[in-house]
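Here's the letter readout for the chains.
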Amino acid sequence: MEKVVYQDLYQFNFISDPLIAPDGKHAIFARHNAVEETDGYRSEVWVIDLKTGEYHPLTTGGDERGAFWIDADTVAFVTSRGKKKDAKEQKESTEWYQINIHGGEAVPFMSVNERASQIKLIDENTYVYTTEHTAPENNPLPEPENEGEAADRAEQGKDFDVFDEIPFWFNGRKVINKKRGAIMLCKQGEVKAITPPYLDATGMQLSPDKTKLVYGGCEYKDKQSWTSGMYLYDLTTGETQTLVAPGAVAVGGFYFMGSDDIFFTRTREEKRGDNPDFCLYHLKTGEVETLPFPDLLPYNSVGTDAAYGGGQGMKYENGYLYFLRTAWGNSHLVRMNHEGALETVVQAPGSVSAFDIAQGVVIFTAMRGSSLAELYRCRADEPEAGEERLTHLNEAYEQSHSVITPEYFTFENREGVTLEGFVLKPLGFEAGKKYPGILEMHGGPKVAFGSVFHHEMQCFANMGYFVFYTNPRGSDGRGEAFARLNGRMGTIDYEDFMDFTDEVICLYPELDSERIGVCGGSYGGFMCNWIIGHTNRFAAAASQRSIANYFTKMLCTD
């Protein structure tokens, strides 16, 4: 067996974005691979026959993304093929190609003269898509008075930037001053913005009959507010209606539940940071119904460093809204009826990251045991029947490398609160022999660690370390009271990490208590900084992409 090492990243197959064909016979998904030479990723669209189980690549260019079904036999995807080689002479554009899943070459499908992301087809001549626009300047710089002044003048955006908003920067996006997410409507070749120029749109959903579009967002000109509203655009009349004003609430995920109801999450000002309310907006009456409080976040928050890509996390089908939720260190697929009652559909340990459902069949990407993500299938009405693994793209790697399964236990902290713990023993573990160890801490803090594959931890364990981690108070998956850490960072969470370390030392006498390191990223980096300022029990520390000062971070980054 080969050891797990850092360079194994380039052997992993990352699976994402599963979508079932309109006739339910096939499905597509994305496969991504990290490429060392380009410091980037290759992405391809794959197709699977849901009857035979056979799957193969549908595209091989390496830059295909955002695939969706045009009809039961045709798939569209974004690609750079066909673009001019000299990018300096070409305006930013997004090109979609289409390909028949039964064979043939990909051919042009449509094009947008700007960088587009999410797209939804309404009919053969009409579609909506999301993009990023620059809002008008509040105080534009004066124009040069003559040609000489213009020639000598510094160019904004090239030689300097003007920041008159906060936040003005975002990791991965760089300068975001005046940048707004926008929703565009293209009809008969004519393009217009649906959203106001200063509104930062946060997503959109099309009604089942494709006559209405719901979207959320926050409108601002100087300082971005934590609040956001929900709006309805009538694609027939061109009129916009405010469904939920952004005054004192933040609207989260939203989705049409049939033609008459829109599901959305709502966080009130007095509950900022807590789990949101689940609500229904009744279009016929204009009333907002608050559903029974579920005390959860409707998405997967189980962390891993061995995933790439995205996919659908919410969908309405046959009277139920399907979405993901985290429970302790696992994430599951659940469904909710119009009364707010919840049922678990996919309940195996591990994490589910994206799914699709059609005709009662669910396909989903998931991490099971110590395996990397693969594609699975189950029946929505038969959760007790279990799930079927459809792909085995990472099986060869897992069978040839010494992947270590975490050992799981629970314990009580000093206040009697039950916490869970995970321990990876060092490769080649021998009873009675002493080993160094590493305490890992997740970011967030409102996320969770689980038993799923974590590359960094596997590397450490293969190097001969005990690796141990927990979900302290502040983590997701246990309700808002457990996660409530506002104003208490570095207090109860610090105590939980210390109690957990004591417990692991007690349970594993081979762990050398004099040779334990601590590390974490983001909030985990904050805790790493905090811990080494409050105790000398750790022999080494690695604070990764850490938060060192919340005052300077506030409204200036992500």
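The preceding data block contains the structure.
Residues numbered from 1 in each chain as written. Predicted model: local features only at pLDDT ≥ 70, side-chain atom pairs only at ≥ 80, totals over all residues. Heavy atoms only, no water.

(A) Main features of the sheet that holds strand β18 (residues 240-244). Within the open sheet, the four strands sit side by side as β15-β16-β17-β18. Their pairing is antiparallel. Either end of the sheet is taken by a strand with one partner, and the two such strands are β15 (199-206) and β18. Taking each pair of neighbouring strands and ignoring which way they run, the sheet shows an average axis angle of 30°. Here β15 runs beside strand β16 (residues 212-219); their pairing, made up of six bridges, is antiparallel. Each residue of the ladder has a partner; that of Leu-199, found in β16, is Glu-219. (Pairing = 2+ DSSP bridges. Helix = DSSP H or I, 4+ residues; strand = E, 2+ residues; numbered from the N terminus. Axes fitted to C-alpha atoms, helices over the stretch in contact; angles between N-to-C directions.)

(B) Summary view of helix α3 (residues 455-462). The buried fraction of α3 amounts to seven of the eight residues, a majority that puts the element mostly inside the structure. Of the residues making up α3, those classed as buried are His-455, Met-457, Gln-458, Cys-459, Phe-460, Ala-461 and Asn-462. Its buried side turned inward, α3 meets β32 (418-424), β33 (435-441), β34 (466-470) and β35 (511-522). Just beyond α3, the residue with positive phi is Gly-464, at close to 110°. (Buried < 20%, exposed > 50% of the residue type's maximum accessible area, 1.4 Å probe, protein only. Contact = heavy atoms within 4.5 Å.)

(C) Just the sheet that holds β35, in detail. With mixed pairing, six strands are arranged side by side in an open sheet as β31-β32-β34-β33-β35-β36. The sheet terminates laterally at β31 (407-412) and β36 (540-546), the two strands that pair on one side only. Within this sheet the neighbouring strands show an average axis-to-axis angle of 25°, counted without direction. Direction of pairing for β33 relative to β34: parallel, over a ladder of four bridges. Bridge pairing in β34 places Glu-440 opposite Tyr-469. Against the sheet, helix α5 (residues 492-507) engages β31, β32, β33, β34 and β35, with an angle of about 120° to β31.

(D) View of the packing of aromatic side chains. According to the stated counting rule, one finds 30 aromatic pairs in the structure shown. Taking the centre distance of 6.2 Å and the plane angle of 90° together, the rings of Phe-12 and Phe-14 count as edge-to-face. The exposure class assigned to Phe-14 is buried, which follows from its relative accessible area of 3%. Members of the aromatic cluster, connected to one another through ring pairs, are Phe-12, Phe-14, Tyr-41, Tyr-308, Tyr-397 and Phe-453. The residue whose ring lies beneath Arg-180 is Tyr-220, and the NZ or CZ to ring-centre distance is 3.8 Å. We note Arg-335 situated over the ring of Tyr-320; from NZ or CZ to the ring centre the distance is 3.8 Å. (Phe/Tyr/Trp six-rings, centres within 6.5 Å; stacked < 30°, edge-to-face > 60°. Lys NZ or Arg CZ within 6 Å of the ring centre and 35° of its normal.)

(E) The arrangement of the pairing of strand β13 (residues 179-187) in detail. Burial within β13 is extensive, with seven of its nine residues counted as buried. When strand β10 (residues 126-134) meets β13, the two strands line up antiparallel, connected through nine bridges. Bridge assignment links Thr-126 to a residue of β13, and that residue is Lys-187. The hairpin formed by β13 and strand β14 (residues 190-193) contains two residues between the paired strands, and Gln-188 there has a positive phi angle of roughly 55°.

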